[in-house]
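What follows is each chain in one-letter form.
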Amino acid sequence: MNSGRTVDATDARILLALAEEPRATVLALAQRLELSRNTVQARLARLEHGGALGSGERWVLPSALGYPLTAFVTMQVDQHRLAEVSDALAAIPEVVEVVGLSGGTDLLARVVAADAEDLYRIAGQILASPGVERTNTALAMRELVPHRLTPLLQRVAGVEPSRRPAGNRHPAR
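Since the model is a prediction, treat every value here as computed from it, not as a measurement.

Calculation notes
Residues numbered from 1 in each chain as written. Predicted model: local features only at pLDDT ≥ 70, side-chain atom pairs only at ≥ 80, totals over all residues. Heavy atoms only, no water. Helix = DSSP H or I, 4+ residues; strand = E, 2+ residues; numbered from the N terminus. Buried < 20%, exposed > 50% of the residue type's maximum accessible area, 1.4 Å probe, protein only. Contact = heavy atoms within 4.5 Å. Areas by Shrake-Rupley, 256 points an atom, 1.4 Å probe, with all protein chains shown as cover. Lys, Arg positive; Asp, Glu negative; His and termini not counted. Charge placed at Lys NZ, Arg CZ, Asp CG, Glu CD. Axes fitted to C-alpha atoms, helices over the stretch in contact; angles between N-to-C directions. Parallel < 35°, antiparallel > 145°, perpendicular 65-115°, else oblique. Left-handed = near helix turned anticlockwise from the far one by under 90°. Nonpolar A, V, L, I, M, F, W, Y, C, P; charged D, E, K, R; others polar. Expected span 1.5 Å × (residues − 1). Arc of directions from axis to C-beta.

A few words now on the overall build of the protein. Looking only at helices and strands, the protein has six helices and four strands in total. What you see in the protein, going N to C, is helices and strands ordered as α-α-α-β-α-β-β-α-β-α. In terms of overall dimensions, the protein has C-alpha extents of about 55 × 35 × 25 Å along its principal axes. The burial tally for the protein puts 25% of its 173 residues in the buried class. Counting contacts in the protein only where the partners sit at least 6 residues apart, residues at least 24 apart contribute 67% of the total. Per element, the accessible surface of the protein, about 11,600 Å² overall, is 53% carbon and sulfur. Charge separation in the protein, taken as the distance between the mean sites of 19 positive and 19 negative side-chain charges, equals 10 Å.

Laid out in structure tokens, this is it:
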């Protein structure tokens, strides 16, 4: 995880405009923000190469792929086998994200599943992974605050937060 700041106010304005209109061309962004096309293009390239832009996979909703259930699996693992655990989890397609935690729990995995039976199968695969000692699975019942970065981008850009109704937000960014 990168803790260095790579996005300035102009970058944040570009990213906000892109978040509002993801298919906007560089020229359209430049005109909207009253910047030169070269400036927008160079800044987007720098952000991409510098690791400030994440994967476009966040735009794809698992439910559209036939995986409407989301669960969170916490794990206690043998710390000496962490690389092996990581490789085993990465080999399970339904494990869409894994983060290391501090405290009594070592890892947290976001898992998607087709139904309860599928989730049971996936949880079994995770528990059977070499180095995984114990798991606890919690089914996500409802998403209350979707993944978002707009408020942070607005802060960096120095603009007032927009107060759009929750239903008008773009899916998973």
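Back to the text.
For the pair helix 1 (residues 9-20) and helix 2 (residues 26-33), the least separation of the axes is 10 Å and the interaxial angle reads 120°. Classed by the angle they form, the pair helix 1 and helix 2 counts as oblique. Viewed along their axes, helix 1 and helix 2 form a crossing whose handedness is right-handed. Two secondary-structure elements touch here, helix 1 through Arg-13, Ile-14, Ala-17, Leu-18 and Glu-20 and helix 2 through Leu-29, Arg-32 and Leu-33. In the contact of helix 1 with helix 2, the residues fall into five nonpolar, no polar and three charged.

To continue, consider helix 3 (residues 37-49). The first and last C-alpha atoms of helix 3 sit 18 Å apart over 13 residues, in line with the 18 Å expected at 1.5 Å per residue. Among the residues of helix 3, Val-40, Arg-43, Leu-44 and Leu-47 are the ones counted as buried. Down the axis of helix 3, the buried side of the element spans an arc of 100°, and every buried residue falls inside it. Every exposed residue of helix 3 that faces more than 90 degrees away from the buried side is listed here: Asn-38 and His-49. For helix 3, the secondary structure elements touched by its buried residues are helix 1 and helix 2.

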